[in-house]
Amino acid sequence: MIILKNYLIAILIFTFANSLIAEEKKIITHDDYSSWKSISEYSISNNGELLLYEISPLEGDGYLYIKNLKTHKLDSIPRAYKAKFSSNSNFVVFKIKPQTDTVRAAKLKKVKKDKLPKDSIGIFIPETNSLLKYPDVVSFKLGKDGGNFVALLLENKKEQTKDKDTVSDTTKQVKKKGKQKKSNSLLLINPINENSFTYNNVSKYSLSDNGKSCIYTVAKTDSIDSVFVYIHYVESGRNDLIYNSNGYSENVSTDKEGKQFAFTFSSDTVKNKAYSLYYYSQTKLNLVSGDEFSNLSENMTVSTNGSIYFNDRGTELFFGETPKPLTEIKDTLTEDEKVSIDIWNWKDDYLQPMQKLRAEKEKKRSYTSVYFPLDKKVVSLGNKNLEDVFIKTKENGNLVLGRDNHNYRKEISWDGSRHYDYYLIDKNTGDRKLILKKVASTVSLSPQQNFVAWYNIADSSWNAYDIKKEKSNELTSYLKENFYYELNDIPNEAPNYGFAGWTDEEKFVVYDKYDFWLISPDGTSKAKNITNYYGRKNDIQLRYKKLNPDLITLPENMMLTVFDLKTKNSGYASFRKLKDLKILIIDNFDFFGMKKAKNNDKIVWRKQSFIEYPELYVSDMKFRKVEKITNTNPQQKDYNWGTVELVDFTTLENDSMQGMLYKPENFDPNKKYPMIVYFYERYTDRLNRYYSPKPIRSVINFTYYTSNGYLIFIPDIKYETGYPGPSGFNCIVGGTKSLIEKYDYIDQENIAIQGQSWGGYQVAYIVTQTNMYKAAMAGAPVSNMTSAYGGIRWSSGMSRTFQYEETQSRIGATLWERQDLYILNSPLFFAPQVETPLLMMHNDKDGAVPWYQGIEFFSALRRLNKPVWMLVYNGAPHNLKRLADEKDLTIRMQQFFDHFLKGKPEPMWMKKGVPAVEKGREFGFELSE
């Protein structure tokens with residue numbers, strides 16, 4: 001008995017001590033954001049012995065780290081980024097940013113953008129621990145598949161050309177200052193032995209994938225512009241001039257082996273130039289485009305806006321054709337004599353706003369063509385009626401897929417699907433054959449080019465078009481399993497679960513909700529569940545993780561991602577020969593970001609949870625000897641953090657749903673906590689996401705609020721077509737009430753809601769239907785569906801009607817068919833019922849939700865004398881992008897919720913506002929007495 005008593009006392013002491021420790025931890029403040037760092041880019045060397053990764057703070061200078069995985073030696077380079085390993089794994093090339101303080105000081109001095117400090121180039125050789133640096137970098141290129149040479153394009157200081165005298169009249173001479181010109185230098189260097197070659201006045205260059213040759217152009221501008229095209233052969237050091245003439249060149253390219261080359265050239269002196277294409281190999285130079293462009297389509301020239309490139313075998317050279325440039329028109333009108341007008345025509349395929357946004361792209365549009373060096377033949381594959389041609393440079397065969405949507409462009413405004421007609425194009429002849437009409441989902445040409453797999457979204461079936469027999473085979477409709485997204489709740493056909501790829505035997509693999517299916521495109525054998533229903537039996541979703549980007553077909557040994565749909569645990573599995581499935585690792589984390597060394601089975605990957613930052617780990621493919629590489633934010637242990645758990649709740653209509661509940665780390669079930677309810681459709685799959693403390697773009701930072709004593713509840717939402725507002729109300733309000741009944745520690749008198757965009761709409765609607773929330777924040781809410789329906793998404797130029805009829809807004813009918821539903825779901829029409837204090841953010845350059853939607857609701861509530869505030873960040877988009885704006889919003893939202901849920905003093909911007917005449921001088925953050 002004494003032993004038991006002492007044991008209980010020990011437990012109490014331990015619990016009390018832990019409680020004190022938790023209470024002693026620091027609470028996250030806005031000043032702490034700068035101490036949190038993040039891992040950005042990372043990669044593993046081809047030999048699997050070196051790992052590089054970047055760690056950067058929210059503001060300021062970061063570091064590039066290079067770790068030897070065998071010796072554990074760690075090197076670091078300040079401000080380095082965009083790093084790449086050499087193919088031989090013996091050095092690293094990267095850019096180096098100038099110091100943040102230096103750039104900031106220059107900006108304060110109003111230094112022009114092109115005069116600001118430039119990036120440098122760094123090359124680090126781990127074996128000798130040596131670092132080479134070169135200032136004022138423009139770009140760099142490495143041989144992807146071999147070689148030790150690096151091509152660096154460096155910006156020299158501007159050179160001044162010779163002064164020229166001009167005579168303005170017979171009595172006075174005026175000396176005109178020489179023009180300033182940029183002069184870039186090309187440095188080809190082997191960092192291992194420091195053998196190098198430098199060429200001046202270089203404008204364009206291309207290094208072959210094997211690193212053996214480099215084509216570059218030298219531009220000289222004296223009295224006449226001229227261009228010289230050279231090829232440098234790395235191994236011999238030979239530098240051959242293959243072409244020179246008065247004129248210009250904009251594109252250069254080499255094949256993978258560095259034996260074939262191409263470049264564009266124009267001798268035109270006018271602004272809008274027509275370019276030719278040249279091909280060079282083994283001392284022979286061919287004019288691909290022909291004299292006066294005779295080898296191209298009528299009235300076409302070579303485009304310089306796209307790239308020119310060879311296929312992997314070097315048997316085909318691809319380029320773009322574009323219409324010959326129009327003659328320049330001299331401007332003979334003054335500004336006040338010019339008319340600026342947009343003409344909207346009901347016959348237009350795209351609306352005028354969409355046309356205007358796409359205008360520059362359309363001016364630069366090119367149509368795919370191919371040149372066959374052996375036959376010296378050019379074949380046009382695309383044209384204005386077949387804009388999209390899909391070239392796969394790694395695959396052989398004479399056929400390519402093309403697609404066109406001209407017949408369906410007008411209906412894009414109201415149809416949520418994106419329909420295309422698909423064609424098979426013969427590269428040898430340019431002949432095209434229409435094989436599929438009005439398809440709105442996956443289409444894939446098999447590598448052997450006997451079949452085209454495609455998904456029929458109308459009947460949710462997988463099909464295959466037999467190229468030889470010229471017919472489609474329907475392959476899955478007899479199965480009881482579904483291949484469409486079963487949780488789809490928008491008024492449109494559900495998308496498929498995905499296409500894994502083709503096998504060497506010319507079968508293809510697709511997914512259902514859980515498993516893999518192997519399908520014979522000729523229909524001679526039934527579709528087979530090759531994961532043996534493991535996913536379905538265990539409520540686990542299995543998906544293929546492609547680790548080798550060069551693969552054309554599915555590998556014999558596949559790595560799969562594993563996700564438990566019930567617990568939200570994840571991990572990886574191996575899948576051998578399309579039959580042997582083995583779970584390798586699964587845990588209560590989100591595993592992601594796997595990368596594999598090219599030449600062995602070393603892998604790097606990340607895992608995260610709400611508590612654990614997504615650090616880097618390395619192991620072999622079987623997850624033996626797992627090594628944690630990084631410890632990015634050790635200071636986290638000193639802060640009161642939080643926890644998250646899955647919770648079940650019941651909607652107002654008695655449906656069972658899942659949600660997530662976040663709690664402070666020092667949570668005490670005997671206390672009462674204020675709670676913020678956040679939501680955006682279905683969210684629980686993000687259970688194991690980590691959220692660094694940082695300024696917000698539009699929604700609450702879960703970590704900040706849990707650290708500061710808030711609960712956060714995120715309910716999943718399911719929708720009924722025609723009733724998006726009531727559906728959200730059913731789940732959000734129902735979930736809130738369900739949790740209040742279940743957990744006594746929720747302070748039901750101090751609960752708020754917050755959402756952005758679609759979530760912001762839900763907030764605006766809910767506060768018109770209930771007063772149970774103490775405060776609400778709505779970011780970019782639609783308030784009036786009747787006016788929003790006919791509006792424009794200014795970021796894309798598209799009409800908003802498709803959103804209401806077939807996608808997220810979920811009305812499922814036109815405004816004139818169901819006007820009642822548009823009104824029923826619009827917060828504006830129920831504004832008199834609002835009693836909840838509402839903070840809105842709606843920025844004046846919002847390209848997704850027109851900001852007049854916020855104005856409509858604000859104006860209505862203001863007239864009704866309801867407590868409402870609206871933050872409008874000038875020039876800001878749908879979600880904030882400027883750090884200064886993000887910091888501002890973070891503070892204001894925190895002050896808003898603290899005032900209403902914690903009883904803290906009201907800030908002056910809420911109590912009195914900030915007059916326009918004080919803009920930029922006063923911000924109103926100070927708290928009232």
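Residues numbered from 1 in each chain as written. Predicted model: local features only at pLDDT ≥ 70, side-chain atom pairs only at ≥ 80, totals over all residues. Heavy atoms only, no water.

Enquirer: Quick one: what's the story with the overall build of the chain, residue by residue and with numbers?
Expert: Along the backbone of the chain there are 13 helices and 59 strands. Here the C-alpha atoms of the chain give a radius of gyration of 32 Å, agreeing with the 30 Å that 2.2 N^0.38 yields for 929 residues. C-alpha atoms of the chain, sized along the principal axes, occupy 95 × 85 × 70 Å. Per-residue burial over the chain gives 51% buried out of 929 residues. Restricting to contacts in the chain with at least 6 residues of sequence separation, those with at least 24 account for 54%. Here the chain has roughly 45,400 Å² of accessible surface; of this, 49% comes from carbon and sulfur atoms. Positive and negative side-chain charges in the chain, numbering 128 and 115 respectively, have mean positions lying 3 Å apart. (Helix = DSSP H or I, 4+ residues; strand = E, 2+ residues; numbered from the N terminus. Rg over C-alpha atoms; globule rule 2.2 N^0.38 Å. Buried < 20%, exposed > 50% of the residue type's maximum accessible area, 1.4 Å probe, protein only. Contact = heavy atoms within 4.5 Å. Areas by Shrake-Rupley, 256 points an atom, 1.4 Å probe, with all protein chains shown as cover. Lys, Arg positive; Asp, Glu negative; His and termini not counted. Charge placed at Lys NZ, Arg CZ, Asp CG, Glu CD.)

Enquirer: Kindly report on the pattern of salt bridges, identifying the contributing residues and their values.
Expert: For the structure on display, the rule yields 43 salt bridges. Of the charged contacts in the structure, one is a salt bridge between Glu59 and Lys887, with a shortest N-O distance of 2.8 Å. Pair noted here: Glu59 is in the loop between β2 (50-57) and β3 (63-68) and Lys887 is in helix α12 (residues 883-902), with a separation of 828 residues, a long-range link. Taking the relative accessible area as the measure of exposure, Glu59 reaches 41% and is therefore partly exposed. Classification of Lys887 by relative accessible area gives partly exposed; the value is 34%. One salt bridge connects Asp388 with Arg403, and the closest N-O pair in it is separated by 3.2 Å. Of the two residues, Asp388 sits in strand β30 (residues 388-390) while Arg403 sits in strand β31 (residues 399-404), which places them 15 residues apart along the sequence. Its relative accessible area of 25% is what places Asp388 among the partly exposed residues. Overlapping salt bridges, with partners in common, bring together Asp349, Arg358, Glu362, Arg365, Glu387 and Arg409 in one network. (Salt bridge = Lys/Arg side-chain N within 4 Å of Asp/Glu carboxyl O.)

Enquirer: An account of helix α3 (residues 352-363) is needed here, citing residue identities and associated values.
Expert: Helix length check: α3 (12 residues) gives 15 Å between terminal C-alpha atoms against 16 Å at 1.5 Å per residue, within 8%. Turning to α3, its buried residues are Gln352, Pro353, Met354 and Arg358. Considering only its buried residues, α3 is in contact with β56 (792-793) and β57 (798-799). (Expected span 1.5 Å × (residues − 1).)

Enquirer: Any details on the sheet that holds β3? Residues and values, ideally.
Expert: The strand order across the open sheet formed by four strands is β1-β2-β3-β4, and the pairing between neighbours is antiparallel. Since the sheet does not close on itself, it has two edges, and those belong to β1 (37-44) and β4 (74-78), each with one partner. Adjacent strand axes in the sheet meet at a mean angle of 20° when their direction is disregarded. Here β2 runs beside β3; their pairing, made up of six bridges, is antiparallel. Paired with Glu54 across the strands is Leu64, a residue of β3. (Pairing = 2+ DSSP bridges. Axes fitted to C-alpha atoms, helices over the stretch in contact; angles between N-to-C directions.)

Enquirer: Any details on empty space enclosed by the protein? Residues and values, ideally.
Expert: The tally for this structure, following the rule as stated, stands at three cavities of 30 Å³ or more. In this model, the largest cavity occupies a volume close to 40 Å³. Residue lining of the largest cavity: Asp349, Tyr350, Leu351, Met354, Arg409, Ile412, Ser413, Gly797, Met798 and Ser799, and that is the complete set. Partitioned by chemical class, the residues of the lining of the largest cavity number five nonpolar, three polar and two charged. (1 Å grid on protein atoms, 1.4 Å probe; cavity = no way out; pocket = protein on both sides within 12 Å on 5 of 7 lines; lining within 4 Å. Points joined across faces, edges and corners; volume = space filled by probe spheres on them. Nonpolar A, V, L, I, M, F, W, Y, C, P; charged D, E, K, R; others polar.)

Enquirer: Could you give an account of the confidence of the model for the chain, with specific residues and numbers?
Expert: Per-residue pLDDT for the chain averages 93, and the proportion of residues at 70 or more is 95%. Across residues 1-22, confidence stays below pLDDT 50; counting only partners more than four residues off in sequence or on other chains, it has two contacts. Predicted confidence is poor over residues 159-180, with pLDDT under 50, and the contacts of this stretch with residues over four places away or in other chains come to 26 contacts. (pLDDT = per-residue confidence, 0-100.)

Enquirer: Provide a residue-level description of a nonpolar patch on the surface, including the pertinent values.
Expert: A cluster of nonpolar side chains, namely Val339, Ile341 and Ile343, defines an oily patch on the protein surface of about 360 Å² accessible area. Taking relative accessible area as the criterion, Ile343 reaches 59% and is therefore assigned exposed. (Patch = residues over 30% accessible without salt bridge, like charges linked within 9 Å, V, L, I, M, F, W, Y side chains within 5 Å.)

Enquirer: Break down unusual backbone geometry for me, with residues and values.
Expert: The phi dihedral of Ser89 is positive, around 65°, even though this residue is not glycine. For Ser89, the location among the structural elements is in the loop between β5 (80-85) and β6 (92-96).

Enquirer: Quick one: what's the story with helix α7 (residues 758-766), residue by residue and with numbers?
Expert: Across the nine residues of α7, nine count as buried, placing the element largely inside the fold. Looking at α7, one finds that the buried residues are Trp758, Gly759, Gly760, Tyr761, Gln762, Val763, Ala764, Tyr765 and Ile766.

Enquirer: I'd like to hear about the packing of aromatic side chains, residue by residue, with values.
Expert: According to the stated counting rule, one finds 61 aromatic pairs in the structure shown. Ring centres of Phe263 and Tyr278 lie 5.3 Å apart, and the angle between their planes is 10°; this geometry places the pair in the stacked category. Note that Phe263 is positioned in strand β22 (residues 261-265) and Tyr278 in strand β23 (residues 276-281), a separation of 15 residues in sequence. This pair shows no difference in class: Phe263 is buried, exactly as Tyr278 is. (Phe/Tyr/Trp six-rings, centres within 6.5 Å; stacked < 30°, edge-to-face > 60°.)

Enquirer: Requested: an account of the pairing of β6, with residues and values cited.
Expert: Burial runs high along β6: five of the five residues are buried. Pairing of β5 with β6 involves four bridges; the strand directions are antiparallel. Following the sheet pairing, Tyr81 is matched in β6 by Lys95. Here β5 folds back onto β6 in antiparallel fashion, the turn holding six residues, of which Ser89 has a positive phi close to 65°. Relative to strand β7 (residues 120-125), β6 runs antiparallel, the two being bridged by five bridges. Bridge assignment links Phe94 to a residue of β7, and that residue is Gly122.

Enquirer: Can you break down the side chain of Ser809 residue by residue, with the values?
Expert: Tracing the backbone through its elements, the reader meets Ser809 in the loop between α9 (801-806) and α10 (819-824). Take Ser809: its relative accessible area is 4%, and that puts it in the buried class. Filtering out sequence-adjacent residues up to four positions away, Ser809 remains in contact with Pro724, Trp758, Met785, Gln803 and Tyr804.

Enquirer: So what's going on with the pairing of strand β8 (residues 130-134)? Which residues, and what values?
Expert: Note that β7 and β8 share five bridges and pair antiparallel. Within β8, the residue paired with Phe124 across the bridge is Leu131.

Enquirer: Lay out the sheet that holds strand β37 (residues 471-474) in plain terms, naming residues and giving numbers.
Expert: With respect to topology, four strands assemble into an open sheet ordered β34-β35-β36-β37, the strand pairing being antiparallel. Each edge of the open sheet carries a strand with a single partner, namely β34 (443-445) and β37. Along the sheet, successive strands turn relative to each other by an average axial angle of 20°, direction set aside. Pairing between strand β35 (residues 451-456) and strand β36 (residues 461-466): six bridges, direction antiparallel. Looking across to β36, one finds that Phe451 is bridged to Asp466.

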